[in-house]
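Each chain, written out:
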Amino acid sequence: MGKIAVVTDSTADLPSRLIEEYNINVIPLKVRLDGKEYEDGIDISREEFLDKLEESNQVPTTSQPPIGKFLDLYKALAKEYDQILSLHFSEKLSGTIKTAYLAANMLEDINIKVIDSETVTVPLGVMVVEVAKAVKAGKQMDELINLIAELKESIKIYFTIDDLTYLERGGRIGKATAFIGNLFNVKPMLTIEAGEITPYKKLRGEKRLYKEFIGLAEKELEGNTGHKLVIIYGKYLDKANQLKEILTQNFEWEEIDMLQFGSVVGAHVGPTPFGMIVYK
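Residues numbered from 1 in each chain as written. Predicted model: local features only at pLDDT ≥ 70, side-chain atom pairs only at ≥ 80, totals over all residues. Heavy atoms only, no water.

**Q** I would appreciate a short explanation of the side chain of Q83 in the present structure.
**A** For Q83, the location among the structural elements is in strand β6 (residues 83-88). Judged by relative accessible area, which is 12%, Q83 ranks as buried. Here Q83 is in contact with K3, I4, A5, N111, Q140 and M141, once residues within four sequence places are set aside. (Helix = DSSP H or I, 4+ residues; strand = E, 2+ residues; numbered from the N terminus. Buried < 20%, exposed > 50% of the residue type's maximum accessible area, 1.4 Å probe, protein only. Contact = heavy atoms within 4.5 Å.)

This is how it looks when you write it as structure tokens:
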């Protein structure tokens, strides 16, 4: 038994209301655009960054946190907590979790469990919040590890973007290279599998795109009721709102939320994505 602290990184794209409500500790990554470097969520808001991204002709870059950020946070938390659960985005997309592992190994006298979520952005955020809820409910580390394994199977993301250029230039396109080419009036549907951005389907026209979202929700839920629906979006809300309306008309949800991609993820997918996260 013991008090457990929950740590993640800024790619979880959690709004401040959830960070504060569930006492989540967030390590910021860095984004660089037009010669200026920002700490994600600290020096620049996601709205400000997406505005700058759309106006800029430069390729944005991102970098993982220095090991000192992890060491300082772990040491500070160890003064109040008995154990630390540090849950981060996919090792296939960044070296951030390797830095977390290294920091944990350097602090052998502190009980730190570092786990690869095998995902990124809002699916990671949903996972972190569910873990933090379980901590509040008194669950212990072995139960939390089992919960994370279940969440990896239960949380699915499907999204589309108008332009694959950002993913291609940023080197995070993964298996979605299969979609590079002429996207005129073609909507690429993407997902994340085993920690990697993966192509799901090419769809011609927006009507077919929205029908595909409905079909995917039906497949994932195996019925008309789901635990949680999160609509995710970049800069633009119109298509996201339309998707929310469609999915709330056709299905019943215990929880519904709308969350915006953060700066780090925005740097790699651009300002135009939208989609859904289904937690069965």
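**Q** Sorry, what's going on with the pairing of strand β3 (residues 30-33) here?
**A** Within a regular strand, side chains alternate between the sheet's two faces. Here β3 shows a buried face lined by V31 and L33 and an unburied face lined by K30 and R32. Sheet analysis places β3 next to strand β4 (residues 36-39), joined by four bridges and oriented antiparallel. In the sheet register, L33 faces β4, and the bridge partner there is K36. Linking β3 to β4, which pair antiparallel, is a turn of two residues; within it D34 sits at a positive phi near 55°. (Pairing = 2+ DSSP bridges.)

**Q** Is there a simple way to explain unusual backbone geometry in this structure?
**A** What you tend to see is this: most non-glycine residues have negative phi, and most peptide bonds are trans. Positive phi is not limited to glycine here, since N23 has a value of about 55°. Inspection of the secondary structure puts N23 in the loop between α1 (16-21) and β2 (24-27). The phi dihedral of D34 is positive, around 55°, even though this residue is not glycine. Inspection of the secondary structure assignment puts D34 in the loop between β3 and β4.

**Q** Honestly, the packing of helix α5 (residues 122-136) against helix α6 (residues 141-154) in this entry has me stumped. Any pointers?
**A** A pair of packed helices is captured by two measures, namely the crossing angle of their axes and the spacing between those axes. Look at α5 against α6: their axes get within 10 Å of each other, and the N-to-C directions meet at 150°. Classified by the angle between their axes, α5 and α6 sit roughly antiparallel to one another. Regarding α5 and α6, the two cross each other, and that crossing is right-handed. Here M127, E130, V131, A134 and V135 of α5 come into contact with α6, specifically with L144, L147, I148, L151 and K152. Tallied by class, the residues present in the contact of α5 with α6 amount to eight nonpolar, no polar and two charged. (Axes fitted to C-alpha atoms, helices over the stretch in contact; angles between N-to-C directions. Parallel < 35°, antiparallel > 145°, perpendicular 65-115°, else oblique. Left-handed = near helix turned anticlockwise from the far one by under 90°. Nonpolar A, V, L, I, M, F, W, Y, C, P; charged D, E, K, R; others polar.)

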